[in-house]
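Chain by chain, the residues run as shown.
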Amino acid sequence: MLPKHVAFIMDGNGRWAAERGLERTAGHRAGTENIRGIIRHSKDLGIKYLTFYAFSAENFSRPAEEVGFLMKLIPEFFHREIRELTQEGARIQMIGDISQFSRPIQLVLSQAEKLTKHNDTIILNFALAYGGRQEIVRAVNQLLQSGKIEVTDQDISDALYTSGMPDPDLVIRTSGEQRVSNFLLYQSAYSEFYFTSIYWPDFSVTEFDNALADYQQRKRRFGGL
Ligand code: FPP
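Predicted model only: the values in this text are computed from it and were never measured.

A. Quick peek at the overall build of the protein chain. A count of helices and strands for the protein chain gives seven helices and six strands. When its helices and strands are written in sequence order, the protein chain yields β-α-α-β-α-β-α-β-α-α-β-β-α. By the compact-globule yardstick of 17 Å for 225 residues, the protein chain fits well, its C-alpha radius of gyration being 17 Å. Across its three principal directions, the C-alpha atoms of the protein chain cover 55 × 45 × 35 Å. Residue burial in the protein chain is summarised as follows: out of 225 residues, 48% are buried. Sequence separation of 24 or more characterises 77% of the internal contacts of the protein chain that already satisfy a separation of 6 or more. Counting only carbon and sulfur atoms, one obtains 50% of the accessible surface of the protein chain, whose full area is about 11,600 Å². Of the side chains in the protein chain, 26 bear a positive and 28 a negative charge, and the two mean positions are spaced by 2 Å.

Structure follows, in structure tokens:
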């Protein structure tokens, strides 16, 4: 069976650029370019949910120049892609603490959400200023503020940014690193993980198909037998 929800840790942009004698920013640009093909292929296959880890809460601590570049690249991506994504029936949702971005960026992000909110062919989550622990803390605080003194698994799931969506079946991390890096901590309890040494800008549709074929060999037991 194909996964319903695939999440991507798009790692290795910097190393991709360094290997070519380019600035790290060129790697981020190439990484951004790579997203489109992955979305289109997922849509063709009928994969309904994709989540992209585009900027972690911790990424704000990178050198100001790199953060500044990403702060231009992110709104530019939505400006450029929104028309095609809308035509493809994509619904765009941001997950993360968007309030950490400047007002103009927040506006671009919320407009992308607003323009696509009635679409239903494919759901795209962009994790921005996102941290899995922060997301859980936020959910618990919301539940406390609502007066709860005891919570269920479902209560917490419903208070996460991904409320109402299936958990990721498959989490793909590129670039050879094998860690979770504060991504979808609650939601990935039973996710399958796929690690590849390919850098994100080179993670082609063929590589994606390899990951999907690998996933299809897995025996998912969810703790049972
Ligand atoms: C990891 O590569 C990647 C990031 C920190 C950002 C990912 C961002 C993009 C692909 C572009 C922005 C996305 C959107 C949706 C507009 P790295 O810099 O950690 O690479 P390295 O580990 O090789 O240094």
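There's more to say after this.
B. Spotlight on the side chain of His28. With respect to the helices and strands, the residue His28 is situated in helix H2 (residues 24–45). The class of His28 is buried, set by a relative accessible area of 7%. Separated by 2.7 Å, the side chains of His28 and Glu66 make a polar contact. Once you skip the residues sitting within four places of it in the chain, His28 turns out to touch Asn13, Arg62, Glu66, Phe69, Leu70 and Leu73.

C. Expanded view of the packing of helix H3 (residues 64–87) against helix H4 (residues 103–116). In contact at an axis separation of 10 Å, H3 and H4 are set at 15° when each is read in the N-to-C sense. With respect to each other, H3 and H4 are oriented roughly parallel. Considering how the two elements wind past one another, H3 and H4 form a crossing that is left-handed. Along its contact with H3, which presents Met71, Ile74, Pro75, Phe78, His79, Ile82 and Thr86, the element H4 presents Ile105, Val108, Leu109, Ala112, Leu115 and Thr116. By residue class, the composition of the contact of H3 with H4 is 10 nonpolar, three polar and no charged.

D. The site of the ligand, seen in detail. Close to the ligand lie 17 residues; Gly14, Arg15, Arg24, Thr32 and Arg62 are nearest. Here an oxygen atom of the ligand sits 2.8 Å away from a polar atom, N or O, in the side chain of Arg62. Here the ligand, which alone exposes 620 Å², has 92% of that area covered by the protein. Of all the secondary-structure elements, those providing two or more residues to the shell around the ligand are helix H1 (13–19), H2 and H3.

E. Looking closely at the packing of aromatic side chains. Under the counting rule described, the total for this entry stands at 19 aromatic pairs. Seen from their ring centres, Phe52 and Phe126 are 5.5 Å apart, and the 20° between their planes marks the pair as stacked. Of this pair, Phe52 sits in strand E2 (residues 49–56) while Phe126 sits in strand E4 (residues 122–130), and the two are 74 residues apart along the sequence. On the basis of relative accessibility, which here comes to 0%, the residue Phe52 falls in the buried class.

Here is what the cut-offs are and how they apply
Residues numbered from 1 in each chain as written. Predicted model: local features only at pLDDT ≥ 70, side-chain atom pairs only at ≥ 80, totals over all residues. Heavy atoms only, no water. Helix = DSSP H or I, 4+ residues; strand = E, 2+ residues; numbered from the N terminus. Rg over C-alpha atoms; globule rule 2.2 N^0.38 Å. Buried < 20%, exposed > 50% of the residue type's maximum accessible area, 1.4 Å probe, protein only. Contact = heavy atoms within 4.5 Å. Areas by Shrake-Rupley, 256 points an atom, 1.4 Å probe, with all protein chains shown as cover. Lys, Arg positive; Asp, Glu negative; His and termini not counted. Charge placed at Lys NZ, Arg CZ, Asp CG, Glu CD. Polar contact = N/O pair within 3.5 Å; in protein donor to acceptor, adjacent residues only side chain to side chain. Axes fitted to C-alpha atoms, helices over the stretch in contact; angles between N-to-C directions. Parallel < 35°, antiparallel > 145°, perpendicular 65-115°, else oblique. Left-handed = near helix turned anticlockwise from the far one by under 90°. Nonpolar A, V, L, I, M, F, W, Y, C, P; charged D, E, K, R; others polar. Near = heavy atom within 4 Å. Phe/Tyr/Trp six-rings, centres within 6.5 Å; stacked < 30°, edge-to-face > 60°.

Taken by themselves, the reported measurements are silent on function.
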